[in-house]
Amino acid sequence: MMQDWKTDEQKLYLPATKAHTVHIPKQFYFVIDGRGSIGSDDFHERLRLLKALSEAVRNSPDTGYRPPGFAEYALYPVEALHHFEGPSSTFSLMIRQPEFIDNETINRAFRQIHQERQFPLLPEVAFEEFTDGLSVQLRSSTTRETIGEAFGKIDHFLLANALKRRSLQYRELYPHADNAMFEEVVYRVFVEEAE
């Protein structure tokens, strides 16, 4: 049976529209850093590369290597981890990878994409693990709510529940694909109990 985040992990990727706490365990990602606006041509070029690598992992049995524990799965949605450095901001664009991924699968995916020679940004991609831990998130329709309004709800929830952000970083998850990618966003901040 195929693993599908839309049904198996709804609380992470299609959560409630009201702010709420969630605990995010360790997860594995292909990551590439970017600067500038989300949705720019540069953003989409980086996204195209991450999607190609992710497809190479998912299709690894077709190329002669079946990782231990491999199971059919739906590709995970795109995420962006936003950083703030002085007057400018940067982001890490990322796509989660399945738990069974191993070094051989990663190396094969990189070799395959390198051979296609369509992605000059390939050397900028890293494979990393993240543990968001205790977080507050909500799902927002960008056609009905601005990012400021969404974060206003999150801030209100933090105050009402004696929580504070651990950093200024925040995560955006885009549960829809292609043309509808930015219609709905999951905003997630990383929190701890306020003193």
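Model, not experiment: these values are computed from the prediction.

## A closer look at the environment of Arg188
Looking at the secondary structure, you find Arg188 in strand S6 (residues 184-193). The spacing of Arg188 and Arg171 is 17 residues in sequence and 5.0 Å in space, taken between C-alpha atoms. A polar atom in the side chain of Arg188 sits 3.3 Å from the backbone oxygen of Leu12. Only 2.9 Å separates the side chain of Arg188 from the side chain of Gln137, close enough to count as a polar contact.

## Observations concerning the pattern of salt bridges
If the charged atoms of two oppositely charged side chains come close together, the side chains can form a pair. Enumeration over the complete set of coordinates arrives at 15 salt bridges. Linking Lys153 and Glu145 is a salt bridge whose minimum nitrogen-to-oxygen distance equals 2.7 Å. Relative accessible area serves as the criterion here: at 41%, Lys153 is assigned to the partly exposed category.

## Quick notes on the nonpolar core
Membership of the largest hydrophobic core comes to 52 residues, with the highest contact counts inside it found for Phe30, Leu49, Leu53, Leu93, Val125, Val136 and Ile154. For this core, the leading source of residues is helix H3 (residues 41-58), giving eight residues. Ignoring anything within four residues of it in the chain, the contact list for Leu93 reads Phe30, Val31, Ile32, Phe43, Arg46, Leu47, Leu50, Val78, Glu79 and Ala80.

## Some words on the layout of surface pockets
Empty space within the largest pocket amounts to approximately 230 Å³. If you trace the largest pocket, you find 15 residues lining it, with Lys51, Leu75, Tyr76, Pro77 and Ala177 closest to the centre. The set of elements that each furnish at least two residues to the lining of the largest pocket consists of helix H1 (5-8) and H3. In the lining of the largest pocket, the residues fall into ten nonpolar, two polar and three charged.

## Topic: the side chain of Gln27
Of note, Gln27 is situated in strand S1 (residues 20-35). In this structure Gln27 comes out as buried when scored by relative accessible area, which is 2%. Sequence-distant contacts of Gln27, that is, excluding residues within four places in its chain, are made with Leu12, Tyr13, Arg96, Glu128, Glu129 and Phe130.

## Brief notes about unusual backbone geometry
Its identity is not glycine, yet Arg117 carries a phi of approximately 50 degrees, on the positive side. For Arg117, the location among the structural elements is in the loop between helix H4 (103-116) and strand S4 (126-141).

## With respect to H3
If you check H3, its first and last C-alpha atoms are 26 Å apart, about what 18 residues at 1.5 Å a residue would give, namely 26 Å. Within H3, the full set of buried residues consists of Phe43, Arg46, Leu47, Leu49, Leu50, Ala52, Leu53, Ser54, Ala56 and Val57.

## What about the packing of aromatic side chains?
Evaluated as defined, the whole model comprises 13 aromatic pairs. Their ring planes at 5 degrees and their centres at 6.0 Å tell us that Phe28 and Phe127 sit as a pair that is stacked. Of the two residues, Phe28 sits in strand S1 while Phe127 sits in strand S4, which places them 99 residues apart along the sequence. Between Tyr29 and Phe130, the aromatic rings sit 5.6 Å apart at their centres with planes inclined by 85 degrees, giving edge-to-face as the arrangement. Of the two residues, Tyr29 is situated in strand S1 and Phe130 in strand S4; the sequence distance between them amounts to 101 residues. Phe130 gets classed as buried once you look at its relative accessible area, which sits at 18%. Each residue in the set Phe28, Phe30, Phe110 and Phe127 is aromatic and connected to the rest through ring pairs, giving one cluster.

Rules and cut-offs
Residues numbered from 1 in each chain as written. Predicted model: local features only at pLDDT ≥ 70, side-chain atom pairs only at ≥ 80, totals over all residues. Heavy atoms only, no water. Helix = DSSP H or I, 4+ residues; strand = E, 2+ residues; numbered from the N terminus. Polar contact = N/O pair within 3.5 Å; in protein donor to acceptor, adjacent residues only side chain to side chain. Salt bridge = Lys/Arg side-chain N within 4 Å of Asp/Glu carboxyl O. Buried < 20%, exposed > 50% of the residue type's maximum accessible area, 1.4 Å probe, protein only. Core = buried A, V, L, I, M, F, W, Y, C linked by side-chain atoms within 4.5 Å. Contact = heavy atoms within 4.5 Å. 1 Å grid on protein atoms, 1.4 Å probe; cavity = no way out; pocket = protein on both sides within 12 Å on 5 of 7 lines; lining within 4 Å. Points joined across faces, edges and corners; volume = space filled by probe spheres on them. Nonpolar A, V, L, I, M, F, W, Y, C, P; charged D, E, K, R; others polar. Expected span 1.5 Å × (residues − 1). Phe/Tyr/Trp six-rings, centres within 6.5 Å; stacked < 30°, edge-to-face > 60°.

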